[in-house]
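So the chains spell out like this:
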Amino acid sequence: GAAPINWAILNGDEETGVTIQHLGVELDAGDIITVRKTPIDPQEDAAQLYDRLAQLGAEALSEAVTALGNGTASRTPQGEAVGPYAAMLTKEMSPIDWNKNAQMIVNQVRGLIPWPCAVTTLNGEQVKVFRAAVGGKTSAAPGTVVSADKHGIAVAAGDGRQVVVLELQRPGSKRMAAADYLLGHPIKV
């Protein structure tokens, strides 16, 4: 599909990788030459993972080309099983639904980097969220700002956990740490 790296993070996968394959008549249907797997770091966003996979893919491709030249490249049929389709990303995926569980929201933030980015409303304006983490437990209603201090902006999620916004961007401004944002834009808890 169009965005497999993003969807690996959006879906909460713990592992991903690259596959070098022979060309087939259908899309992604050729015999597999080699597969390289790698764990997804829980803090890694899609742009960071893309860079790591590019390096891993280059190494795997180099080995595959050498094996093809030597006549030793494997041909493992993919079979009839079809993996999940990684649909295109859209701006409609951007708004954070605070009723979701905290880990899903953090995965949304990580998975929508560099585009279209997760967004939420703070102080009446829509901001892009670039980094977030799962925080502690809370009994506050989803979407409620639980705390706003030098550690970030903690917002209640639907599963009784907090999402701590660590880095964000106001419209027409540059990315900044949430603590820096709070210096000029205090938030009522």
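Let us look at the structure shown here.

**As for the overall build of the chain**
Stage number 1. A count of helical and extended segments in the chain gives 4 helices and 8 strands.
Stage number 2. The N-to-C order of helical and strand elements in the chain reads α-β-β-α-α-β-β-β-β-β-β-α.
Stage number 3. Taking 189 residues into account, the globule formula puts the C-alpha radius of gyration at 16 Å, and the chain, at 20 Å, lies well above it.
Stage number 4. If you line up the chain on its principal axes, its C-alpha atoms span 65 × 30 × 25 Å.
Stage number 5. The buried share among the 189 residues of the chain stands at 39%.
Stage number 6. Pairs at least 24 residues apart make up 58% of the contacts formed inside the chain by residues separated by at least 6 positions.
Stage number 7. Total accessible area computed for the chain in this model is approximately 11000 Å², and 53% of it derives from carbon and sulfur atoms.
Stage number 8. Charge separation in the chain, taken as the distance between the mean sites of 16 positive and 20 negative side-chain charges, equals 9 Å.

**Describing the nonpolar core**
Looking at soluble globular proteins, one finds that nonpolar side chains tend to be buried together.
Stage number 1. If you look at the biggest cluster of nonpolar residues, it comprises 23 residues, and the most contacted ones within it are Ile153, Val163, Leu168 and Tyr181.
Stage number 2. Elements represented by at least two residues in this core include exactly helix H3 (102–111), strand E3 (118–122), strand E4 (125–137), strand E6 (152–156), strand E7 (161–169) and helix H4 (178–184).
Stage number 3. Here this core gets 4 residues from one element, more than from any other, and that element is H3.
Stage number 4. When near neighbours in sequence (up to four residues on either side) are disregarded, isoleucine 153 contacts Leu122, Val145, Ser147, Ala148, Val163, Val164, Val165, Leu168, Ala178, Tyr181, Leu182 and Ile187.
Stage number 5. In terms of nonpolar packing, the next biggest core, distinct from the first, is built from 13 residues, Ile40, Leu53, Leu56 and Ala60 among them.

**What to know about unusual backbone geometry**
Stage number 1. Cis geometry is found at the peptide bond from isoleucine 113 to proline 114, where omega equals 5°.
Stage number 2. Its place among the elements puts proline 114 in the loop between H3 and E3.
Stage number 3. A cis amide bond, omega 10°, links tryptophan 115 with the succeeding residue proline 116.
Stage number 4. Its place among the elements puts proline 116 in the loop between H3 and E3.
Stage number 5. The backbone of cysteine 117 shows a phi angle near 75°, a positive value even though the residue is not glycine.
Stage number 6. Following the sequence through the fold, cysteine 117 ends up in the loop between H3 and E3.
Stage number 7. Look at cysteine 117 and you get buried, because its relative accessible area is 1%.

**A word on the pattern of salt bridges**
Stage number 1. Applying the stated rule across the entire model yields 6 salt bridges.
Stage number 2. A salt bridge links arginine 36 to glutamate 63, with the nearest nitrogen and oxygen atoms 2.0 Å apart. On the criterion of sequence distance, the pair formed by arginine 36 in strand E2 (residues 32–39) and glutamate 63 in helix H2 (residues 46–70) is long-range, its members being 27 residues apart.
Stage number 3. Judged by relative accessible area, which is 24%, arginine 36 ranks as partly exposed.
Stage number 4. Residue glutamate 63 is classed as partly exposed on the basis of its relative accessible area, which comes to 42%.
Stage number 5. Across the pair arginine 175 and glutamate 167 runs a salt bridge, and its minimum N-O distance is 3.0 Å.
Stage number 6. With a relative accessible area of 17%, glutamate 167 lands in the buried category.

**Some remarks on H3**
Stage number 1. Here H3 lies mainly inside the structure; 8 of its 10 residues are buried.
Stage number 2. If you check which residues of H3 are buried, you get Ala102, Ile105, Val106, Asn107, Gln108, Val109, Arg110 and Gly111.
Stage number 3. Residues of H3 that are buried sit in contact with helix H1 (4–10), H2, E3, E4 and E7.
Stage number 4. If you check the start of H3, you find a side-chain oxygen 3.0 Å away from the backbone N of glutamine 103, and it comes from asparagine 101.

**Structural notes on the environment of glycine 69**
Stage number 1. Checked against the element boundaries, glycine 69 lands in helix H2.
Stage number 2. C-alpha of glycine 69 to C-alpha of glutamine 21: the two residues are 48 residues apart in sequence and 15 Å apart in space.

How each quantity is defined
- Each chain carries its own residue numbering, running from 1 in the direction its sequence is written.
- Restriction of local features to residues with pLDDT of at least 70 applies here, the model being predicted, together with a cutoff of 80 or more for giving and counting side-chain atom pairs; totals for whole chains, interfaces and linings are based on all residues.
- Derived side-chain values reflect all non-hydrogen atoms in the structure, with water molecules and hydrogen atoms excluded from consideration.
- Think of it this way: any DSSP run of H or I at least four residues long counts as a helix, any run of E at least two long counts as a strand, and we number them from the N terminus.
- The globule rule used here is 2.2 Å times the number of residues to the 0.38 power, and the radius of gyration it is set against is calculated over C-alpha atoms.
- For the exposure calls, accessible area comes from a 1.4 Å probe over protein chains only, and a residue counts as buried if that area is under 20% of its type's maximum, exposed if over 50%, partly exposed in between.
- Two residues qualify as a contact provided that any one of their heavy atoms is within 4.5 Å of a heavy atom in the partner residue.
- For every accessible area listed, the method is Shrake-Rupley and the probe measures 1.4 Å; residues are considered covered only by the protein chains on display.
- Only four residue types enter the tally: Lys and Arg on the positive side, Asp and Glu on the negative side, with His and both chain ends excluded.
- Taken as the charge centre is NZ of Lys, CZ of Arg, CG of Asp or CD of Glu, depending on the residue.
- We call a set of buried residues a nonpolar core when its members are Ala, Val, Leu, Ile, Met, Phe, Trp, Tyr or Cys and they connect through side-chain atoms within 4.5 Å of each other.
- We define a salt bridge as a side-chain nitrogen of Lys or Arg found within 4 Å of a carboxyl oxygen belonging to Asp or Glu.
- N or O atoms within 3.5 Å of each other form a polar contact, as long as, within protein, one can give a hydrogen and the other can take it, and as long as residues adjacent in sequence are counted only when both atoms are side-chain atoms.

So far we have only geometry, and geometry alone does not tell us how the molecule works.
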